[in-house]
Structures are given as structure tokens and as C-alpha cells.
Amino acid sequence: MNTQQMGAGLGLKADHYDAALQCAASGLWFEVHPENYMVDGGPRLAWLEAIGSRHALSLHGVSLSLAADCPPDPLHLQRLKALADRVQPALVSEHLAWSAWRGQYHPDLLPFPRTHEALQRIAGNIQRTQDALGRRIAIENPTHYLRLDGHDWSEIDFLAELSKVTGCGLLLDVNNVHISAHNMGFDAGAWLDAFPGHAVMEIHLAGHSIDPGNSSLLIDSHDAPVADEVWTLYQRLIARIGARPTLIERDDHIPPFEVLMAERTTAQTVLEAAQ
Amino acid sequence: MKLSLTGFQDAFVDALYGVESAAMAQLSEQPGFSVYRNTVMKGCIDALSANFPTIERLVGSEWFRAAAAIHVTASPPGDARLLNYGEAFPAFLDAFEHAQQMPYLGNVARLDRCWSQVHVALDEPSIDLAALGTVAPDDMGRLLLKPRAAATWRWFADQPAYTLWRINREQLEMPENLDWIGEGALLIRSAGRVTWQAVSATDCLFLDACVAGLPLEQAAERALELNPALDISDLLTRLVTADVFVSAVVEPR
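### Side note on the overall build of chain B
A count of helical and extended segments in chain B gives twelve helices and five strands. On C-alpha atoms alone, chain B measures out to a radius of gyration of 23 Å, which is more than a quarter above the 18 Å that the 2.2 N^0.38 rule sets for 253 residues. In terms of overall dimensions, chain B has C-alpha extents of about 80 × 50 × 30 Å along its principal axes. Looking at the 253 residues of chain B, the share that counts as buried comes to 47%. A fraction of 67% describes how many contacts in chain B between residues 6 or more apart in sequence connect residues 24 or more apart.

### Observations concerning empty space enclosed by the protein
The full count for this structure, using the stated rule, is four cavities of 30 Å³ or more. As a volume, the largest cavity reaches approximately 60 Å³.

### Description of the sheet that holds strand 2 (residues 151–156) of chain B
Residues and elements named next belong to chain B. The three strands lie next to each other as 2-3-4, forming an open sheet whose pairing is antiparallel. Each edge of the open sheet carries a strand with a single partner, namely strand 2 and strand 4 (193–199). Across this sheet, the average inter-strand angle for adjacent strands is 15°, counted without regard to direction. Across seven bridges, the pairing between strand 3 (residues 183–190) and strand 4 is antiparallel. When the bridges of strand 4 are listed, L186 appears paired with Q197.

### Details of the nonpolar core
Generally speaking, soluble globular proteins have nonpolar side chains that are buried together. If you look at the biggest cluster of nonpolar residues, it comprises 97 residues, and the most contacted ones within it are W98, F112 and L205 of chain A together with F12 of chain B. Each residue touching F112 of chain A, except ones within four places of it in the same chain, is listed here: A67, L96, A97, W98, A118, I122, L148, H151 and F158 of chain A together with L5 and F8 of chain B.

### Digging into the side chain of S28 of chain B
Residue and element names in this part refer to chain B. Along the chain, S28 falls in helix 2 (residues 22–28). According to the relative accessible area criterion, S28 is buried, its value standing at 14%. At 2.8 Å, the side chain of S28 and the side chain of E20 are in polar contact.

### Topic: the sheet that holds strand 7 (residues 138–140) of chain A
Residue and element names in this part refer to chain A. Pairing is parallel around the closed barrel formed by eight strands, whose spatial order is 1-2-3-4-7-8-9-12. The mean inter-strand angle of the sheet, taken between neighbouring strand axes irrespective of direction, is 30°. As paired elements, strand 1 (residues 8–11) and strand 2 (residues 29–32) share two bridges and run parallel to each other. Considered in strand 2, the bridge of G11 is made with E31. Across the face of the sheet, helix 8 (residues 228–241) comes into contact with strand 8 (169–173), strand 9 (200–206) and strand 12 (246–249) while running at roughly 165° to strand 9.

### Examining the interface of chain A and chain B
Contacts between the two partners involve 48 residues from chain A and, on the opposite side, 39 residues from chain B. A buried area of about 3500 Å², summed over both sides, lies between chain A and chain B, and 62% of it is on carbon and sulfur atoms. Among the residues of chain A in contact with chain B, Y105, P107 and L146 of chain A are the three that bury the most area, contributing 16% of the side total. Linking chain A with chain B are two salt bridges, by the criterion used here. Applying the counting criterion to the chain A and chain B interface returns 13 residue pairs in polar contact (both at pLDDT 80 or more).

### Points about the environment of L205 of chain B
Residue and element names in this part refer to chain B. The topology assignment puts L205 in helix 10 (residues 201–211). Note: C-alpha distance between L205 and S190 (15 residues apart in sequence) is 22 Å. Not counting residues within four places of it along the chain, the set of residues in contact with L205 comprises R222, A223 and L226.

### Section: the packing of helix 8 of chain A against helix 9 (residues 257–274) of chain A
Residues and elements named next belong to chain A. The N-to-C vectors of helix 8 and helix 9 enclose an angle of 25°; their axes lie 10 Å apart at closest approach. Classed by the angle they form, the pair helix 8 and helix 9 counts as roughly parallel. As helix 8 runs across helix 9, the sense of the crossing is right-handed. Taking contact as the criterion, the partners of W231, Y234, Q235 and I238 in helix 8 are, on helix 9, E263, T266, A267, V270, L271 and A274. Looking at the contact of helix 8 with helix 9 residue by residue, the classes come out as seven nonpolar, two polar and one charged.

Quick notes on the rules
- Residues numbered from 1 in each chain as written.
- Chains lettered and ligands numbered in written order.
- Predicted model: local features only at pLDDT ≥ 70, side-chain atom pairs only at ≥ 80, totals over all residues.
- Heavy atoms only, no water.
- Helix = DSSP H or I, 4+ residues; strand = E, 2+ residues; numbered from the N terminus.
- Rg over C-alpha atoms; globule rule 2.2 N^0.38 Å.
- Buried < 20%, exposed > 50% of the residue type's maximum accessible area, 1.4 Å probe, protein only.
- Contact = heavy atoms within 4.5 Å.
- 1 Å grid on protein atoms, 1.4 Å probe; cavity = no way out; pocket = protein on both sides within 12 Å on 5 of 7 lines; lining within 4 Å.
- Points joined across faces, edges and corners; volume = space filled by probe spheres on them.
- Pairing = 2+ DSSP bridges.
- Axes fitted to C-alpha atoms, helices over the stretch in contact; angles between N-to-C directions.
- Core = buried A, V, L, I, M, F, W, Y, C linked by side-chain atoms within 4.5 Å.
- Polar contact = N/O pair within 3.5 Å; in protein donor to acceptor, adjacent residues only side chain to side chain.
- Buried area = accessible area lost by both parts, 1.4 Å probe.
- Salt bridge = Lys/Arg side-chain N within 4 Å of Asp/Glu carboxyl O.
- Parallel < 35°, antiparallel > 145°, perpendicular 65-115°, else oblique.
- Left-handed = near helix turned anticlockwise from the far one by under 90°.
- Nonpolar A, V, L, I, M, F, W, Y, C, P; charged D, E, K, R; others polar.

Right, dumping it as C-alpha cells:
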């Protein structure tokens, strides 16, 4: 399956391996975090290979730490390359964020001021990654929770410039835009309208929740169905830029496979209407 | 003062783990900062919970997560593959002041790590008894038996760590009386499933000798020193049928 044939996909969950393998829905594909499959062998890797033999796969990294002020860990890149060689993913992506720093890994997508210095560093890191993998990758907009001083660039201009300088694609997470717009106080629709559509290789949709603490922040918790507002933003985006491989993400309170497939059908219908 | 990217990242990580600085005050006072702090901590604790399920069952989730939080702050993950996180957790439990009434926790945690290691080890075939049948009797002493990556064993000299681990791993009820004796465990992955069985100190010594590259005759001598009544043929049959070895090659003279 090439990326043009990829419709709506699902994050692959260990509990759903059997159902994922059997499912023959048109345009269906699966995404995983490569970190969970960078192992020597065993049933986990065997399942991924089996599912990859039936469906297109996407490797969506969470730990390359492209926005750290240092090059990506060469060993980690080697492992990513080995996994990509083994399962031949249709898409490879990472985040505009950092998480590994000075030999420690902090499992989150951490923010940074979008300075000229950061742009140079990240462009270099994306280039290294693309060179190591021998392919184009897509970079995702993360969720924002903090008002940071010292930005030289808007987020859209920063991503567009990275794409221009390195040739990378973009992964547009519509739920992240909705959350960031709420938390930072901007208009999600206008933001999406200004996003460089030609560079979008993949779209993410997910559910979110309200901060259980005392703030009014929305949290990118991936523990609920996609919200109505996010579906509306998604339809508007697809109407403007056309169909793109779209992933439904769910990482907590995971329902049965059929429930996720039903949600996935909603996205598939939007994509088919745009073709 | 505007921080460099490096300066920002150093100060941000300090603030994540509670070390405040003037440079981060404007950020760490915002409610959004605790979202990052909580997500990082939850991610690390969830990884320990996934990697040490037997410990969590033994001590309960509340105790486990409180202990894990202390460990995370002292030893954050060094590897983005969180499947590997917790290398130092058994030693942490050995020394943890609130676990002094449960001196076996560290060893039970070591067995959870054995399970994880075997689960993701290299895929290799195993030899069967027929492979030994083709070795000429005169050559048996020079047989080099190589254990599979997906086989691991451990001897605990002064605790029934295997029984404690197995009962909780299999979600059984603890027996009222537990013999406080040394125990060993052998964990193996065959056909995609990790299985376990009790092994003796002699079995472990023999397997250690195989890993060290000693031929059968010398490995057996070591095992016989520990247990003069050992039946080597029985030991070989048990280990081979348990899928322990990837190869058996006669060492050239």
C-alpha cells in the first residue's frame, strides 16, 4: 500500500493484534511507537511483522528528541533504521519537541522557545535523521500548555521553514491544535487555514480531557473518543487540502477493537468524500 | 536574560524534578508546567508498573507507585525504550527503608526483569535430544552447549524468591507456610511464550559454565563439585527438552 491508498488508520494496541491482523477494511493502516519494538526478537516484533505483511505501517517516534540542543542519539537512529528496514513502514514521523537530554529520557514532548538558534539545530537534526533513514520524515505539531517568552517564530512559520529547509513533511495533529488553541487562546480554525497543506503527509485525531487539577487547561490524554469540535476542524481541513492518511490515536481507556474501528469509519468517510 | 537552548533545557529538566531556578520561575509557576511534570512522572511510573507487575501485586498499587516515584526521581530512565527501564529498581528495593520487612522484593524484581529480558530476546532455534544422539560417545566430553538468548536463570541462595515470584505472577494465593530456603528459576521463551521452572544451584552452575564456553566435561565437573550425586544425563535431558540450548558443537581437538 502506498501513502495515496492509505485512508484512516489506528494506533496498534497489543490487545488488538489478532483483530488487527484479520481486519480487511479498505485503506486501513496501523501506527506504532518504534521505541516499543526496538528489541532483538520475540512475539511483539513477530506480531508487528505479521500485521505489516497485511497492512501499511507507520512508525511514529516519541523519543528522537529533535528539538534538544544536541544531535539525535546515533544508536537510537541505528535501531530506528533497523526497524524500518525490517517492517518497511509507509510513513515515519517524529515530534517538534524534546525528551532525551544529557543521557536521560523524560517521557513527554517538551516545549522550547522557537528561536533562530533552535530552528538551525532542529533542521540539522531532521536532516541527520532523514540521512540515517534514507527517507523523508514528517514532523508533528505538539500540544502547548505553557506561555513561553522568546519565540522568534510562530509555530506555523517554524514548521513551514523546517519543511522548506530539510524537505521534511509535516504531521498535523488536529486535536493538538484544538487543545493548544484553547490553552493559549488562539483561533484553531484560522490556525489550520494558515497551515501549509501541501506539506501535510499525515493527520492525527485523538480525544482529550480537562486537567483534573485546578487549571482550565485541556490535556492531550488520548483517553476518549475524538471530540465533536475536532471532527469539525478535521472536515474543514480535508475540504481545503484533500485526503491525507489520518490516524485515530487512543492510548488509555482503550475500548474494544470494533469501537475504534467505528470511530475510524467516521474519518474514512470524510476522506472518501474528498476523493 | 535570554537562555541558550542548552540553558533552557538544563533549567527545564531541573524544574521538572523540583529544582527551581530564577530562569524557570516564569514557567514553573504556570499551571501548565505541572502538566509536563505529571506526564513525565506518570510515564516513568507506568513503565515500572508494566515492567514489574509481580512487585505491584505483592505490595499493592498505592505502595508501588509511591516507591516508584522515589526511584524515578533518583534514577530517571536512561533509555528511551521504556521496556528496559528499571535496571536499578531491584537494588533500590533491596535498600529501600520502607521495604525492610520485605527483604525479598529485590529478588522478586530481578525475576520480573528476567521475564522482560527473555520476552524480547533474539529469536533462535533450539536443539532437541536427537541432536545429542548424533554425537559420538567419545566426543561428548568436548561438547560445547550454547544457551539461547531467550533462556535465563538465577539462583537465590537464601530466599524462596522463585516461589514468591511464581505465586504472584500466576496470581495464586500465598501458602500459609513458606519454607525459607534458597531457590533458583529458569525462564525460557519457546514458540512466543515465556515459561518458567524451578532449578537447582547445580543446574545454574552448570549453565553458567556453558555460557563461559566450557565443554561438557568441565561444566559437568564443576556441577559435580557442588553436587556429587548429580546425574549428568538427567540434567542434560531436562535442559535440552526445556529448549535451553541453541547449539551443541563438538570442540575440535
